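Now for the letters of each chain:
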Amino acid sequence: RMHGVKDYYDLPYLLKSYPKIKQTFNFAPSLMIQIDEYVSGKVKDRVQILSEKPASALSKAEKQEILNQFFICNLDNLIKPSPRYFELYQKYSSGADADKFSTQEMLDLQVWYNLSWIGEVSKQDKKISELIQLDRNFSESDKKYILDYHLQVLGKISDIMNELKNSGQIEISCSPEYHPILPILID
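Each value, and the rule that gives it
- Each chain has its residues counted from 1, running along the sequence as written.
- It should be noted that, the model being predicted, local features are given only for residues of pLDDT at least 70 and side-chain atom pairs only at 80 or more, the latter also being counted only at that level, while totals for whole chains, interfaces and linings use all residues.
- Side-chain numbers here rest on the full set of heavy atoms in the structure, without hydrogens or water.
- Every angle, taken between N-to-C directions, lies between 0 and 180 degrees, and every axis is a line fitted to C-alpha atoms, over only the stretch in contact when it is a helix.
- Think of it this way: any DSSP run of H or I at least four residues long counts as a helix, any run of E at least two long counts as a strand, and we number them from the N terminus.
- By definition in this entry, angles of less than 35 degrees are roughly parallel, angles greater than 145 are roughly antiparallel, angles of 65 to 115 are roughly perpendicular, and the rest are oblique.
- By definition, turning the near helix anticlockwise from the far helix through less than a right angle yields a left-handed crossing, and turning it clockwise yields a right-handed one.
- Any two residues whose heavy atoms approach within 4.5 Å at even a single point are treated as in contact.
- Any residue outside Ala, Val, Leu, Ile, Met, Phe, Trp, Tyr, Cys, Pro, Asp, Glu, Lys and Arg is labelled polar, Gly included; the first ten of those are nonpolar and the last four are charged.
- A 1.4 Å probe rolled over the protein chains alone gives each residue an accessible area, and that area as a share of the maximum for its type sets the label: buried under 20%, exposed over 50%, partly exposed in between.
- Between N or O atoms, a polar contact is any pair within 3.5 Å; within protein, one atom must be a potential hydrogen donor and the other a potential acceptor, and residues adjacent in sequence are included only when both atoms are from side chains.
- Residues enter a nonpolar core if they are buried and are Ala, Val, Leu, Ile, Met, Phe, Trp, Tyr or Cys, with the set joined through side-chain atoms within 4.5 Å.
- Here a helix's expected span is defined as the number of its residues, less one, multiplied by 1.5 Å.
- Throughout, the bend at a residue refers to the angle made by two axes, fitted to the seven residues ending there and to the seven starting there.
- Two rings from Phe, Tyr or Trp (for Trp, the six-membered ring) form a pair when their centres sit within 6.5 Å of each other. Planes less than 30 degrees apart are called stacked, planes more than 60 degrees apart edge-to-face, and all others tilted.
- Look at NZ for Lys and CZ for Arg. If either is within 6 Å of the ring centre and within 35 degrees of the ring normal, a charge sits over the ring.

Points about the packing of helix α9 (residues 126-134) against helix α10 (residues 140-167)
- One way to put it is that α9 packs onto α10 with a least axis distance of 11 Å and a crossing angle of 130°. When the axes of α9 and α10 are compared, the pair comes out oblique. Judged by the twist between their axes, the crossing of α9 over α10 is left-handed. Across from Lys127, Ile128, Leu131 and Leu134 in α9, the residues of α10 making contact are Asp142, Tyr145, Ile146 and Tyr149.
- Among the residues forming the contact of α9 with α10, the class breakdown is six nonpolar, no polar and two charged.

Listed below in structure tokens is the structure:
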């Protein structure tokens, strides 16, 4: 979900601006199945489930799980650009546990983890841009907007790939259905 939101729409979108450039995209059918399942609401990953839960309703164990999971991303490119996200990272890195984080801090962390994965093209959305500028003190409705926006972006991937394929700008090759990702799957 996160890589789909960050790159799988942005790359073909940017390629459209350069119609003379031809490109090959390689997909595993399992990737497209996963994207379709997210868009249809058929599946949710653990991060998505933890993100959807209101910050005020998180148990101590869920808060700790968020702290353990929501900083697993590139520090320089995804965390440091936001003063608030970096501040929360530093607090966590100093050894603070779930009891030391306020409800607002947990909400801001839920928002920033999901906001940071939005691709550069998709950040042009007016509301997304406003939330990036806001940087802190997000609301539950802000979080819902971002999570819904993730699904919107994922929903555009097949259409833009088909458009570029039909125009002859890209060629799509396929790997065996489950081959490329199977070795890194845990669950």
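Notes on unusual backbone geometry
- The phi angle at aspartate 135 is positive, at roughly 70°, despite the residue not being glycine.
- For aspartate 135, the position within the fold is in the loop between α9 and α10.
- Owing to a relative accessible area of 8%, aspartate 135 belongs among the buried residues under this scheme.
- Despite not being glycine, asparagine 137 has its phi angle at roughly 60°, a positive value.
- You can see asparagine 137 is positioned in the loop between α9 and α10.

What to know about α9
- Sitting at the head of α9, aspartate 125 places a side-chain oxygen 3.1 Å from the backbone nitrogen of lysine 127.
- Positive backbone phi, approximately 70°, marks aspartate 135, located one or two places after α9.

A closer look at the environment of tryptophan 112
- Turning to its location among the elements, tryptophan 112 is positioned in helix α8 (residues 103-116).
- For tryptophan 112, a relative accessible area of 6% puts it in the buried group.
- Not counting residues up to four positions away in its chain, the partners in contact with tryptophan 112 are Ser82, Arg84, Tyr85, Ile132, Asp135 and Phe138.

Structural notes on the side chain of aspartate 108
- Topologically, aspartate 108 is positioned in helix α8.
- Overall, aspartate 108 belongs to the buried group, its relative accessible area being 0%.
- In this structure the side chain of aspartate 108 is engaged in a polar contact, spanning 2.8 Å, whose partner is the side chain of arginine 84.
- Polar side-chain contacts of aspartate 108 include one of 3.0 Å to the backbone nitrogen of phenylalanine 138.
- Leave out the neighbours within four places in its chain, and aspartate 108 touches Arg84, Leu88, Arg136, Asn137 and Phe138.

Overview of the nonpolar core
- Counting 48 residues, the largest nonpolar core has Tyr85, Leu109, Tyr113 and Leu115 as the members making the most contacts within it.
- Residue contributions to this core peak at eight residues, all from α10.
- In this view, leucine 109 contacts Ile66, Leu67, Phe70, Phe71, Tyr85 and Leu88; residues no more than four positions away in its chain are not counted.

Digging into α10
- Between its first and last C-alpha atoms α10 spans 41 Å; for 28 residues at 1.5 Å apiece the expected length is 40 Å, and the two agree.
- By the largest-angle criterion, isoleucine 157 marks the main kink of α10, which is about 25°.
- Three or more residues of α10 are buried, namely Asp142, Lys143, Ile146, Leu147, Tyr149, His150, Val153, Leu154, Ile157, Ile160, Met161 and Leu164.
- Phi turns positive one or two residues past the end of α10, at glycine 168, with a value near 85°.

Examining the packing of aromatic side chains
- A complete count under the given rule lists eleven aromatic pairs for this structure.
- Centre to centre, the rings of tyrosine 85 and tryptophan 112 are 6.1 Å apart; their planes meet at 15°, and the pair counts as stacked. Taken together, the residues span a long stretch of sequence, with tyrosine 85 in helix α7 (residues 83-93) and tryptophan 112 in helix α8 at a distance of 27 residues. For the pair tyrosine 85 and tryptophan 112, one class covers both residues: buried.
- With 6.3 Å between their ring centres and 65° between their planes, tyrosine 113 and tryptophan 117 make a pair best called edge-to-face.
- A residue is classified by how much of its surface remains accessible, and tyrosine 113, at 7% relative accessible area, is buried.
- Look at tryptophan 117 and you get buried, because its relative accessible area is 8%.
- Positioned above the aromatic ring of phenylalanine 101 is the side chain of lysine 91, whose terminal nitrogen or guanidinium carbon lies 4.7 Å from the ring centre.
- The ring of tyrosine 9 carries lysine 156 above its face, with NZ or CZ at 5.2 Å from the centroid.

These results come straight from atomic positions and should not be treated as a statement about function.
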